[in-house]
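Breakdown of the fold
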Amino acid sequence: MTRTDTDPHVPLTDDQLRDAARRFGTPLYAYSAAELDAALARVRVAFGDARVWYAMKANPNLTLLRRLHRAGVGFECVSLGELGRAVHVGAGGDEVIVNGPAKTDEEYALGGQLGATFIVDRVEEAALLPRGSRVLVRVNPGLEVSTHDHLATGAARSKFGVRPLDLPGLLRDLRAGGHTLRGLHLHVGSAVRDAADFSAAFARVAELSAVTGPLEVLDVGGGWGLDADLHGIAARAREAAAAFGARVWVEPGRYLVARSGVLLTRVMGRKTTGRTFTLLDAGMTELLRPMLYGAQHPVRALWHEGAGEGQETRSDLAGPACESGDLLGQDVPLPAGARRGDLLTVLEAGAYGAAMSSNYLTRPRPAEVLWDGQDWVTMRRRESMADIWAAEENPT
Ligand code: LLP
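Quick caveat, the model's predicted, so the values are computed rather than measured.

Here the focus is the overall build of the protein chain. What the protein chain contains, in helices and strands, is 12 helices and 17 strands. Computed over C-alpha atoms, the radius of gyration of the protein chain comes to 22 Å, within 12% of the 21 Å expected from 2.2 N^0.38 for 396 residues, which places it in the range of a compact globule. With the C-alpha coordinates aligned to their principal axes, the bounding extent of the protein chain is approximately 70 × 60 × 45 Å. A burial count over the protein chain gives 46% of its 396 residues as buried. In the protein chain, 69% of the contacts between residues at least 6 apart in sequence involve partners at least 24 apart.

With an omega of -5°, the peptide bond between T26 and P27 qualifies as cis. Position of P27 relative to the elements: it lies in the loop between helix 1 (14-24) and strand 1 (28-32). Despite not being glycine, A191 has its phi angle at roughly 55°, a positive value. Along the chain, A191 turns up in the loop between strand 7 (180-185) and helix 7 (195-206). In this structure, L361 is a non-glycine residue whose phi angle is positive, near 65°.

On to the site of the ligand. Within the structure, the ligand sits among 22 residues, and A55, S190, G222, G253 and Y352 are positioned closest to it. Put simply, the parts of the chain that give the shell around the ligand at least two residues each are helix 10 (254-257) and helix 11 (289-293). Taken together, the residues of the shell around the ligand sort by class into 10 nonpolar, 7 polar and 5 charged. Residues from two domains meet in the shell around the ligand; each of domain 1 (14-31 + 258-391) and domain 2 (33-256) gives at least three.

Turning our attention to the nonpolar core. If you look at the biggest cluster of nonpolar residues, it comprises 110 residues, and the most contacted ones within it are A30 and L218. Viewed by domain, this core spans two of them, domain 1 (14-31 + 258-391) and domain 2 (33-256), each represented by three or more residues. Not counting residues within four places of it along the chain, the set of residues in contact with L218 comprises G183, L184, A240, A241, F244, A246 and V248.

Right, let's talk about the UniProt feature "binding site: substrate" (unreviewed entry) in the protein chain for a bit. Residues annotated by UniProt as "binding site: substrate" (unreviewed entry) correspond here to R254, R289, Y293, E323 and Y352. A maximum C-alpha distance of 27.1 Å is found for the annotated residues, which run over 99 residues; spatially they are spread out rather than grouped. You can see R289 is positioned in helix 11. R289 sits in the buried class, given 21 other C-beta atoms within 10 Å. Residue contacts for R289: discarding those within four places in its chain leaves A295 and Y352. Take Y352: it is sitting in the loop between strand 15 (343-346) and strand 16 (367-371). The exposure class of Y352 is buried, given the 24 C-beta atoms found within 10 Å.

Pairing of strand 11 (residues 276-280) with strand 13 (residues 312-318), which is carried by 3 bridges, proceeds in the parallel orientation. Pairing of T278 across the sheet is with L317, part of strand 13. In terms of strand pairing, strand 13 meets strand 14 (residues 327-335) through 6 bridges, oriented antiparallel. When the bridges of strand 14 are listed, R314 appears paired with P333.

So, on to the domain arrangement of the protein chain. Domain annotation of the protein chain identifies domain 1 (14-31 + 258-391) and domain 2 (33-256). Put simply, the middle of domain 1 and the middle of domain 2, counted by C-alpha atoms, are 32 Å apart. Across the contact, 21 residues belong to domain 1 and 18 residues belong to domain 2. Elements with a minimum of two residues in the side of domain 1 that touches domain 2: helix 11, strand 16 and strand 17 (376-380). Looking at the side of domain 1 that touches domain 2, its residues break down into 12 nonpolar, 4 polar and 5 charged.

Criteria and thresholds
Residues numbered from 1 in each chain as written. Predicted model: local features only at pLDDT ≥ 70, side-chain atom pairs only at ≥ 80, totals over all residues. Helix = DSSP H or I, 4+ residues; strand = E, 2+ residues; numbered from the N terminus. Rg over C-alpha atoms; globule rule 2.2 N^0.38 Å. Buried ≥ 20, exposed ≤ 12 C-beta atoms within 10 Å, placed from the backbone. Contact = placed C-beta atoms within 7 Å. Near = placed C-beta within 6 Å. Nonpolar A, V, L, I, M, F, W, Y, C, P; charged D, E, K, R; others polar. Domains from an automatic or database assignment. Core = buried A, V, L, I, M, F, W, Y, C linked by C-beta atoms within 7 Å. UniProt positions renumbered as here; feature names shortened; annotations may be inferred. Pairing = 2+ DSSP bridges.

Have a look at this one:
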């Protein structure tokens, strides 16, 4: 395949991708700044004056954070490390949300020092917060949503949020602790397929205005699928916020960065056992989502000139790990004739791709590069072996 045009879902041209693979090697994460900017613009158009907080767990790379921060986006942070990143790129207290179901003393202290807004996730937190904190209370709306079980966070059985019946007591405790309740928060899951799930959850939380009275903020979290109708979700969010006289806040992760990033990998060969495999130099260590959630990432073959020619074959896309589940795709139709060294692009990999990569099997994590419109910017150099074992060297 020698197409050099850009499909809507392929953020970089084939020529750019080949160039990146040549210059930086594979496996490689390559991102398009234009695609990132376009995703943010779509969010802003749909949600109007809602405040946008990037859930940096999706991709915490400093280059992306700086770009989003310059565009006026705040950060939702769930660890001391993520808070550190926010501070490092210059975010102030008004630009940071501290979230997490099991916050440490250090996280409370740093959040307090910054004057960040805390998301209270359980009733006991009223006694743990730094005095005079500004808070949102995360509500567990007790709803099942249409996504993989690991990604559902608003169900009654999930560990997140406060039960509505616990809200009145918690609000009293927060007042008694000198804290300021800015609003309520919800986040019912990630990669949620059916927009009706958001409507139901927002409506359920809106009912709690009878308990809270007017509030400054309704934070409706993130979780939107890549094809989600943002205008519909935004309209439902505004309706729910109106019950409190509140402003909408949103916390997208995947939606902002997924489509801007691809994983570039090379074919190492093919083989047939009971099934047919295309073997790649990337797998579960670089992109865990297919293995962990059964996620299906579209792929695009960039085979050598003359390969394919109208013929298609199906194969599983297997990584190099010594694990049978190390698959990036199953029964994937691809043009025939791939040779060792040919390139394959795994799309929609900008969110929870590099962020969840690991050093399992002493594999160095890939480099990350960004096409800024003019040239490639190295966002993260490829790890070296020395990087991997540096923390293990015993000085004695
Ligand atoms: N806000 C809160 C409170 C969250 O917990 C999350 C994601 C987000 C916002 C952003 O959600 P998003 O818009 O990215 O769906 N590793 C999984 C996703 C886990 C998401 C966890 N929380 C994956 O690879 O799909």
